[in-house]
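Coordinate inspection notes
The chain contents come next:
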Amino acid sequence: MYFKLNTTKAKTMKMKSFYHVAIFIMIIVQIGFSQNFDKNKLDQYFDALDTHNKFMGSVAILQNDNIVYSRSSGYCDYGNRVKTNVGSKYRIGSISKTFTAVLILKAIEEQRMTLDQTLIEFYPNINNAYMITIEQLLYQRTGIHSFTDDDDYNSWKTEFKSEKELIDIISKGKIEFEPDSIFSYSNPNYILLAFILQQVYGKAYADILKEKITQPLQLRNTFYGGKINPDKNECHSYTYTGGWEKETETDMSIPTGAGAIVSTPSDLVNFGNALMKGKIISKESLDKMTTIRDGYGMGIFELPFYENTSFGHTGGIDGFSSILSCFAESGVVISVLSNGSNYSINSIALALLSEVFNKPYDIPEFSTYQTTPEELDKYLGVYSTTQMPLKLTITKEGNTLIAQATNQPQLRLEAIEKDSFSFDRAGLILKFDPESKTLLLTQGGGELIFTKE
C-alpha cells in the first residue's frame, strides 16, 4: 500500500493488508444536497480518467432508495478487450468484513452465539484463545498477527488452503499485544469469524451469505468468489506500469470472510442502504456495529465528508480496490469498485459525493513531461525528514523515477513538469529542488520536506 497524509498534520498510515483501509478527506463546512445533479459533469470526469488510463471500474450513487448515477470505465478483460458494464463483477476485498460482521450480529440475534464467547470454544490452539472474545474479533482488538503482512505471503497466496492449514498458520503467529488493549487491523480476525459462522450454522460461509443477506435483498450479483470467470462478467484486475498488466489471483480459500466476496456497485449501495435502514439487522445490533472504538466499529469505519459522517469500508485485493460509504441521515450511499487504478479512488469517491452534496470539484487535467534516464540522476538518493521517522529512497528504472518509503512498496512516479513527479493513485506529488538537495512531498493537503542524506 502507500503512505497517506491527512489534511491538518503530517502522519503516515501503514496499510496492513491485501484488504486495506482508506480515509476520506474531511473539510468542516455546511453541507447540503445538490438540487441540480449534473450527470454530464460526472461523465466528463470519468471520460478524462478513461482517456488517460487512470481508472478501470464501476461506480454507483444511491439517493433516497434510487440509484441516481452509475458509470463503468475501462476493461473487464483487458487481454480480450472486453469492456466493463454496469453488471461487471469485482472482488471487493475488505468490504467483505462488513458482510461478515452483519452475519455475526444476525447469529447473535438468533441466539446462536454471544459477543462475550471466547475463541477457546472454537479454536483452543490459537494463542490467548481463552481471552479473545467474538466482540474483540469484530473490533480488531485481539493481538492476533496478520499473516498477510509476512514477507512470504505473496509466494503462496495463489494456492488453496484448507481451514486446518489456515488455523495452523494463524496459531503459529506471534502475539502482537494483550487482547482488547489496542486496535490493530488483522485479516485473520475476520477469517476466524467466517469459520466460526460455519460452525454455528453447520454450513458453508457462501451459503450463509446467500441465505441471510443476498437472497432476501435480491443481490443477484453478490457472492463468495472463486476463480475469476470473464464469461460470467467477472473482472480480472490489473496494475498500470505504462500499460495495464494482469495481476495474479489470490485463492479465495484464504481471505474467506475477510475479503472473498464479489459484487457490483449497484448491489453494494443497495446492501448499504438496507443495512442503515435496519432491514438486515435490528437497530440495536446496528448501533453496536457503528459504535466506534479507536477508529473502528464492528467491520465498519467512520468515513467523514465535510461535516457529515458516513459508515462504510474500503478494500483492496490483488489489483482490485473498493469503497462503500453510507450516509444514513441523508439517504446517500456510494460505491466505487476498481479492477485497475492509476488514480486515487478516494478522489473518485470525493467527486461523486461532491456532485451529490453540491460541493465544488474539478475535472482532472493530466499533463506529462518527458525525461531521459540521465536527467533523473540528480534526484536519486535517500531523503529523510525531521517531521517524522520516515525515509524516502529514490531510484530509477529506465526513464521512470521510483520512490520507496520506509517499509512500503515501490511507487512508479510520473513526470508532470520540470522537477515534479506524481503518483496519482495516492494523490501524491514530489517536487524536487536539486540545488538545495530537498524535495517537497504533498498529499491530501499535507506537506513534508525531505533532505537528501
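Structure report, in brief. Everything quoted here is computed from the prediction, not taken from an experiment.

**Description of the packing of helix α6 (residues 187-201) against helix α7 (residues 205-214)**
Pairs of packed helices are described in terms of their axes, by the angle between the two and the distance that separates them. In contact at an axis separation of 9 Å, α6 and α7 are set at 75° when each is read in the N-to-C sense. Taken together, the axis directions place α6 and α7 in an arrangement best described as roughly perpendicular. Here Ala-194, Leu-197, Gln-198 and Tyr-201 of α6 lie close against α7, whose contacting residues are Tyr-205, Ile-208 and Lys-212. Residue composition of the contact of α6 with α7, grouped by class: five nonpolar, one polar and one charged.

**As for helix α2 (residues 95-109)**
It helps to recall that an α-helix has 3.6 residues per turn; residues three or four apart then point in one direction. With 15 residues, α2 should reach 21 Å at 1.5 Å per residue; the first-to-last C-alpha distance of 22 Å fits that figure. In terms of residue burial, α2 counts as a mostly covered element, since 14 of its 15 residues are buried. The first or second residue beyond α2 is Gln-111, which carries a positive phi of 60°.

**A look at the packing of α2 against α7**
At a minimum axis distance of 11 Å, the contact between α2 and α7 shows a crossing angle of 75°. The angle between α2 and α7 places the two elements in the roughly perpendicular class. Contacts between α2 and α7 pair Ser-96, Phe-99, Thr-100, Val-102, Leu-103 and Lys-106 from the former with Tyr-205, Ile-208, Leu-209, Lys-212 and Ile-213 from the latter. Classifying every residue of the contact of α2 with α7 gives seven nonpolar, two polar and two charged.

**Concerning the state of the cysteines**
Within the structure shown, the criterion is met by one disulfide. Here Cys-76 engages in a disulfide with Cys-235; their sulfurs sit 2.4 Å apart. Looking down the S-S bond of the Cys-76 and Cys-235 bridge, the torsion is -110°, so its handedness is left-handed. Pair noted here: Cys-76 is in strand β3 (residues 75-77) and Cys-235 is in the loop between β6 (223-224) and β7 (238-240), with a separation of 159 residues, a long-range link. Per residue, the accessibility class of Cys-76 equals that of Cys-235, and both read buried.

**Observations concerning empty space enclosed by the protein**
Summed over all chains, the structure comprises three cavities of 30 Å³ or more. In this model, the second largest cavity occupies a volume close to 50 Å³. Taken together, Lys-89, Tyr-90, Arg-91, Gly-225, Gly-226, Ile-228, Glu-234, Cys-235, Val-262 and Phe-320 make up the full set of residues lining the second largest cavity. Among the residues making up the lining of the second largest cavity, the classes are represented as five nonpolar, two polar and three charged.

**With respect to unusual backbone geometry**
In this structure, Asn-128 is a non-glycine residue whose phi angle is positive, near 65°. By secondary structure assignment, the location of Asn-128 is in the loop between α2 and α3 (134-138). Even without being glycine, Asp-318 reaches a positive phi, approximately 55°. Along the chain, the position of Asp-318 falls in the loop between β11 (308-317) and β12 (320-327). Classification of Asp-318 as buried rests on a relative accessible area of 16%.

**Side note on the sheet that holds strand β5 (residues 90-91)**
The strand order across the open sheet built from three strands is β5-β9-β6, with neighbouring strands paired in antiparallel fashion. Each edge of the open sheet carries a strand with a single partner, namely β5 and β6. Relative to strand β9 (residues 261-263), β6 runs antiparallel, the two sharing two bridges. Considered in β9, the bridge of Phe-223 is made with Val-262.

**A few points about the nonpolar core**
If you look at the biggest cluster of nonpolar residues, it comprises 78 residues, and the most contacted ones within it are Phe-99, Leu-119, Ile-134 and Met-289. With ten residues, α6 is the single largest residue contributor to this core. Residue contacts for Ile-134: discarding those within four places in its chain leaves Ile-104, Met-113, Thr-114, Leu-115, Gln-117, Phe-122, Leu-193 and Ile-196. One finds Leu-42, Leu-49, Leu-350 and Phe-357 within the second-largest nonpolar core, a separate group that totals 27 residues.

**Things to note about the pattern of salt bridges**
Considering all chains together, one arrives at 26 salt bridges under this definition. Here Arg-71 ties to Asp-47 by a salt bridge, and the two come within 2.8 Å at their closest N and O atoms. Here Arg-71, found in strand β2 (residues 66-73), pairs with Asp-47, found in helix α1 (residues 39-51); they are 24 residues apart in sequence, far enough to count as distant. Its salt-bridge partner being Lys-283, residue Asp-287 comes within 2.9 Å of it at the nearest N-O pair. Taken together, the residues Asp-287 and Lys-283, both in helix α9 (residues 283-289) and four residues apart, mark about one turn of the helix. Overall, the relative accessible area of 61% leaves Lys-283 in the exposed class. It is possible to trace a salt-bridge network through shared partners that takes in Arg-91, Lys-157, Lys-227, Glu-249 and Asp-318.

Basis of the calculations
- Residues numbered from 1 in each chain as written.
- Predicted model: local features only at pLDDT ≥ 70, side-chain atom pairs only at ≥ 80, totals over all residues.
- Heavy atoms only, no water.
- Axes fitted to C-alpha atoms, helices over the stretch in contact; angles between N-to-C directions.
- Helix = DSSP H or I, 4+ residues; strand = E, 2+ residues; numbered from the N terminus.
- Parallel < 35°, antiparallel > 145°, perpendicular 65-115°, else oblique.
- Contact = heavy atoms within 4.5 Å.
- Nonpolar A, V, L, I, M, F, W, Y, C, P; charged D, E, K, R; others polar.
- Expected span 1.5 Å × (residues − 1).
- Buried < 20%, exposed > 50% of the residue type's maximum accessible area, 1.4 Å probe, protein only.
- Disulfide = S-S within 2.5 Å.
- 1 Å grid on protein atoms, 1.4 Å probe; cavity = no way out; pocket = protein on both sides within 12 Å on 5 of 7 lines; lining within 4 Å.
- Points joined across faces, edges and corners; volume = space filled by probe spheres on them.
- Pairing = 2+ DSSP bridges.
- Core = buried A, V, L, I, M, F, W, Y, C linked by side-chain atoms within 4.5 Å.
- Salt bridge = Lys/Arg side-chain N within 4 Å of Asp/Glu carboxyl O.

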